[in-house]
Number of protein chains: 2
Amino acid sequence: MEHARDIFRRFGLRCTRQREMLYEALAATTSHPTAEELLAMVRESDTDLSLATVYNTLDAFSECGLIRRLSSLDGKGPCRFDATTSEHAHVLLPDGRITDVPEEISAGLVRAVNPSALSSLGGHLGVPSDRLRLRVTVEVVAEPGARESEDND
Amino acid sequence: MEHARDIFRRFGLRCTRQREMLYEALAATTSHPTAEELLAMVRESDTDLSLATVYNTLDAFSECGLIRRLSSLDGKGPCRFDATTSEHAHVLLPDGRITDVPEEISAGLVRAVNPSALSSLGGHLGVPSDRLRLRVTVEVVAEPGARESEDND
DNA sequence: TTTCCTGCAAAAGCTTTGCAAGTAC
DNA sequence: GTACTTGCAAAGCTTTTGCAGGAAA
């Protein structure tokens, strides 16, 4: 397992205690936490960490491609973050949470995408297709007759 | 072409002048405007329309499935809205705009997805697969060496 | 030593809500 | 007539920024 310090070095990021904690917490979870959730997770070891630092750090991480910033369900609610940048599909739960599609199934979804359709799209847009990143997301829509339960705390 | 009034009736929505204008403006454009952009478009005919009404109206429309609310690039910036609810792929441009993947190409992307992968996923989640909605989005990532041009007006 | 990072608080950006008046049904 | 909509302003929530002190390179 590569150390966070080395990863940071590779991505041109300064290595601070806060960044290490945040990255390790994010890499260790399979949930896709919001900035506040991540703060809560890390506050157990560091009481002084501030939410602004969490945001700034996650922004630095996603800018350089170390992690992935995910928009939440239809843009409502806070963003979520994913330490796994490899191409995999996500599930958007009705309550706003995001989970990963299990790898075998994800491969079936992502691999099913026609590469030639992607290059046609690149041609259409005038962009080399290696600059196109595919995002496959499966949204779980609420049961038609279901009462809205906004138990989102 | 079905009249907005009839569409609203079908979706159980009251028909007001503001809603008609907004729906027609949204249905007439191929861009995926933000609430503010839509307000600007409609302000040409109605100077009194307020942004709050635009948001409330778009929310009512998307709640009942008449339109689709799209989160903007990685949750940064305002939401965008799409009057087309059929399953089609979107392109996220680096400047935050969203365009549709042309229909031929979109069909190639979306149809290529293995339906059995979707039902496996439904099984895994314990959700009937008709409650799973596939979203295919192609993100155009900025040119590796490009200066950030935030010309986003 | 220089540059970048952190924490705090304050600001900014997007969206929702409370209320009184008006409109659809 | 009743219930829902509208417009305005104010509040709410998420994210960013300014600044002084501190830590990394």
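Residues numbered from 1 in each chain as written. Chains lettered and ligands numbered in written order. Predicted model: local features only at pLDDT ≥ 70, side-chain atom pairs only at ≥ 80, totals over all residues. Heavy atoms only, no water.

Notes on the nonpolar core
Core analysis: the biggest nonpolar cluster contains 32 residues, and L109 and L121 of chain A together with L109 of chain B have the highest contact counts within it. Breaking this core down by element, the ones donating at least two residues are helix 5 (103–111), helix 6 (115–125) and strand 5 (132–140) of chain A together with helix 5 (103–111), helix 6 (115–125) and strand 5 (132–140) of chain B. (Core = buried A, V, L, I, M, F, W, Y, C linked by side-chain atoms within 4.5 Å. Buried < 20%, exposed > 50% of the residue type's maximum accessible area, 1.4 Å probe, protein only. Helix = DSSP H or I, 4+ residues; strand = E, 2+ residues; numbered from the N terminus.)

Brief notes about the protein's contact with DNA strand C
Near DNA strand C lie 19 residues; those nearest to it are T16, R19 and T53 of chain A together with Y55 and C79 of chain B. Protein-proximal atoms of DNA strand C, defined as those within 4 Å of the protein, fall in sugar or phosphate at a share of 80%. Separating a phosphate oxygen of DNA strand C from a side-chain N or O atom of R19 of chain A is a distance of 2.8 Å. Within the contact set of DNA strand C, a phosphate oxygen lies 3.2 Å away from a backbone nitrogen or oxygen of D48 of chain A. Elements with a minimum of two residues in the surface near DNA strand C: helix 2 (17–28) and helix 4 (51–63) of chain A together with helix 4 (51–63) of chain B. Residues of the surface near DNA strand C, tallied by class, amount to seven nonpolar, six polar and six charged. (Near = heavy atom within 4 Å. Polar contact = N/O pair within 3.5 Å; in protein donor to acceptor, adjacent residues only side chain to side chain. Nonpolar A, V, L, I, M, F, W, Y, C, P; charged D, E, K, R; others polar.)

A few points about the packing of aromatic side chains
All names here are of chain A. Applying the stated criterion across every chain yields a total of six aromatic pairs over all chains. With a centroid separation of 6.0 Å and 90 degrees between ring planes, the pair formed by Y23 and F61 is classed as edge-to-face. Here Y23 is found in helix 2, whereas its partner F61 is found in helix 4, with 38 residues between them in sequence. Here the two residues Y23 and F61 agree in accessibility, since each one is buried. Here a set of aromatic residues connected by ring pairs shows up, and it is made of F8, Y23 and F61. (Phe/Tyr/Trp six-rings, centres within 6.5 Å; stacked < 30°, edge-to-face > 60°.)

Regarding the packing of helix 5 of chain A against helix 6 of chain B
Across the interface, helix 5 of chain A lies against helix 6 of chain B with an axial gap of 9 Å and an inter-helix angle of 150 degrees. For the element pair helix 5 of chain A / helix 6 of chain B, the angle class is roughly antiparallel. In terms of crossing hand, the pair formed by helix 5 of chain A and helix 6 of chain B is left-handed. Counted together, I105, G108 and L109 of chain A of helix 5 of chain A and A117, S120, L121 and H124 of chain B of helix 6 of chain B form the full contact between these two elements. For the contact of helix 5 of chain A with helix 6 of chain B, the class distribution of residues is four nonpolar, three polar and no charged. (Axes fitted to C-alpha atoms, helices over the stretch in contact; angles between N-to-C directions. Parallel < 35°, antiparallel > 145°, perpendicular 65-115°, else oblique. Left-handed = near helix turned anticlockwise from the far one by under 90°. Contact = heavy atoms within 4.5 Å.)

Details of the packing of helix 2 of chain A against helix 3 (residues 35–43) of chain A
Residue and element names in this part refer to chain A. Where helix 2 meets helix 3, the closest approach of the two axes is 10 Å, and the angle between their N-to-C directions is 110 degrees. What the angle tells us is that helix 2 and helix 3 run roughly perpendicular. Contacts between helix 2 and helix 3 pair M21, L22, A25 and L26 from the former with L38, M41 and V42 from the latter.

As for the confidence of the model for chain A
Per-chain confidence: chain A averages 88 in pLDDT, with 92% of residues scoring 70 or above. Predicted confidence for residues 147–153 of chain A stays below pLDDT 50, and this span has two contacts to residues more than four positions away or in other chains. (pLDDT = per-residue confidence, 0-100.)

Considerations on empty space enclosed by the protein
This structure, assessed with the given rule, holds one cavity of 30 Å³ or more. Each pocket or cavity is described by its volume, and for the largest cavity that value is around 520 Å³. Around the largest cavity, the lining is made up of 34 residues, and of these S71, R135 and T137 of chain A together with R135 and T137 of chain B lie nearest the centre. Put simply, the parts of the chain that give the lining of the largest cavity at least two residues each are strand 1 (68–70), strand 3 (90–92) and strand 5 of chain A together with strand 1 (68–70), strand 3 (90–92) and strand 5 of chain B. (1 Å grid on protein atoms, 1.4 Å probe; cavity = no way out; pocket = protein on both sides within 12 Å on 5 of 7 lines; lining within 4 Å. Points joined across faces, edges and corners; volume = space filled by probe spheres on them.)

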